[in-house]
Amino acid sequence: MASLQELTATRPTRDLSDQEVLLVQGEGGGDFYILLSGKLAVLRDGVSIATINQPGTLVGEMSVLRGTPYSATVRAEGPAKVRVIKDANALLDSEPGLARRVAALVAGRLDATSALLVELSKQNKDKASEQGLLRRILATLYGPATE
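Nothing here was measured: the structure is a model prediction, and the numbers come from that model. (Residues numbered from 1 in each chain as written. Predicted model: local features only at pLDDT ≥ 70, side-chain atom pairs only at ≥ 80, totals over all residues. Heavy atoms only, no water.)

This paragraph deals with the sheet that holds strand β8 (residues 80–85). Spatially, the 4 strands line up as an open sheet ordered β1-β8-β3-β6, and their pairing is antiparallel. Two strands bound the open sheet, and with one partner strand each, they are β1 (13–16) and β6 (58–59). (Pairing = 2+ DSSP bridges. Helix = DSSP H or I, 4+ residues; strand = E, 2+ residues; numbered from the N terminus.)

A separate point is the sheet that holds strand β4 (residues 40–44). Spatially, the 4 strands line up as an open sheet ordered β2-β7-β4-β5, and their pairing is antiparallel. Each edge of the open sheet carries a strand with a single partner, namely β2 (21–23) and β5 (47–52). Between one strand and the next, the sheet's axes are offset by a mean angle of 30 degrees, whatever the strand orientation. (Axes fitted to C-alpha atoms, helices over the stretch in contact; angles between N-to-C directions.)

The next thing to look at is the pairing of strand β7 (residues 73–76). Side chains Val74 and Ala76 of β7 all project onto a buried face; the interleaved residues Thr73 and Arg75 project onto a face where none is buried. Of the pairings in the sheet, the one linking β2 to β7 comprises 2 bridges and is antiparallel in character. Bridged to Leu23 within β7 is Val74. Of the strand pairs in this sheet, β4 and β7 are connected by 4 bridges, and their pairing is antiparallel. Paired with Leu43 across the two strands is Thr73, which belongs to β7. (Buried < 20%, exposed > 50% of the residue type's maximum accessible area, 1.4 Å probe, protein only.)

Now for the environment of Ile52. Assignment of secondary structure puts Ile52 in strand β5. Looking at Ile52, the relative accessible area reads 13%, which means it is buried. A C-alpha to C-alpha distance of 9.5 Å links Ile52 and Val74, two positions 22 residues apart in sequence. Residues in contact with Ile52, not counting those within four places in the same chain, are Leu35, Gly38, Lys39, Leu40, Val42, Thr57 and Val59. (Contact = heavy atoms within 4.5 Å.)

Quick look at the structure:
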């Protein structure tokens, strides 16, 4: 399967300077980005939840796929470069190979998250409060879709 970089090679790029904000939680939506180089910090409600430094990582896809504002703020940690995909839904509608690749990436993230939660559940099997929270998280991941 072709990489996101290959599938979007003709799209423009954007250079980010250190601490420059790419996405603001609660704003915008509709565009996604692919990290080409550098490192990005992901913050949700002011809490750091991830650092992205793997080229080819997709950013902003949840907003695009759900039709909602961005769920996190993303900023550069040092110089970074991203590929810019404006009006991503239109591109996904017209490029089935790209849509399949994005779906595969999102499914992979869900699978990895589920595996980590199961591991945590096994590690905390004697702690009732943690077990309850982990069951709720897993039920949310595998429950019916919400609009």
